[in-house]
Amino acid sequence: MEQRRTINGYTFKWDNEHEMYECRGALYYDDDHDEMPEPELWKAALILEKQLADEGSDAEANYSEKGWVEVVIL
């Protein structure tokens, strides 16, 4: 896997231990005050997910707390 991939100005770094790309953006909150990723970063993660699928990898975009977005290779 490439060590870094940049999508729409967001650089996703490869985490070999967890077999995923990750990037941290700004922290946003939804109407229920639950944490959610920066909207443009989330769009970039979905693009990366599709690129990886087009390259033959089964991948899934997810997000966690503190603005982190991950694209996991399944």
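Everything in this summary refers to the structure shown in the same document. (Residues numbered from 1 in each chain as written. Predicted model: local features only at pLDDT ≥ 70, side-chain atom pairs only at ≥ 80, totals over all residues. Heavy atoms only, no water.)

So, helix H1 (residues 39–54)
For an α-helix the count is 3.6 residues per turn, leaving residues at separations of three or four pointing the same way.
Then, in step 1: For H1, with 16 residues, the first-to-last C-alpha span of 23 Å sits near the 22 Å given by 1.5 Å per residue.
Then, in step 2: Buried within H1 we find Leu-41, Ala-44, Ala-45, Leu-48 and Leu-52. Viewed along the axis of H1, the buried residues span an arc of 105 degrees, placing them on a single side of the element. For H1, the exposed residues lying more than 90 degrees away from the buried face are Lys-50 and Asp-54. (Helix = DSSP H or I, 4+ residues; strand = E, 2+ residues; numbered from the N terminus. Expected span 1.5 Å × (residues − 1). Buried < 20%, exposed > 50% of the residue type's maximum accessible area, 1.4 Å probe, protein only. Arc of directions from axis to C-beta.)

Here we look at the nonpolar core
Then, in step 1: If you look at the biggest cluster of nonpolar residues, it comprises 16 residues, and the most contacted ones within it are Phe-12, Tyr-21, Leu-48, Leu-52 and Val-71.
Then, in step 2: Listing elements by their share of this core, those giving two or more residues are strand S2 (10–15), strand S3 (20–24), H1, strand S6 (59–63) and strand S7 (68–73).
Then, in step 3: With five residues, the top contributor of residues to this core is H1.
Then, in step 4: With residues near it in sequence (within four places) discarded, Leu-52 still touches Arg-5, Tyr-21, Ser-57, Ala-59, Val-71 and Ile-73. (Core = buried A, V, L, I, M, F, W, Y, C linked by side-chain atoms within 4.5 Å. Contact = heavy atoms within 4.5 Å.)

Details of the sheet that holds S2
Then, in step 1: Strand order in the open sheet formed by five strands is S1-S2-S3-S7-S6, and the pairing between neighbours is antiparallel. Every other strand in the sheet has two partners, leaving strand S1 (4–7) and S6 as the edge strands with one partner each. Along the sheet, successive strands turn relative to each other by an average axial angle of 25 degrees, direction set aside.
Then, in step 2: With five bridges joining them, S6 and S7 adopt antiparallel strand pairing. Directly across from Glu-60, in S7, lies its bridge partner Val-72.
Then, in step 3: Each of S1, S2, S3, S6 and S7 is contacted by H1, which is oriented at about 165 degrees to S6, the strand it contacts most. (Pairing = 2+ DSSP bridges. Axes fitted to C-alpha atoms, helices over the stretch in contact; angles between N-to-C directions.)

From the geometry alone we can't say anything about function, so treat these as descriptive.
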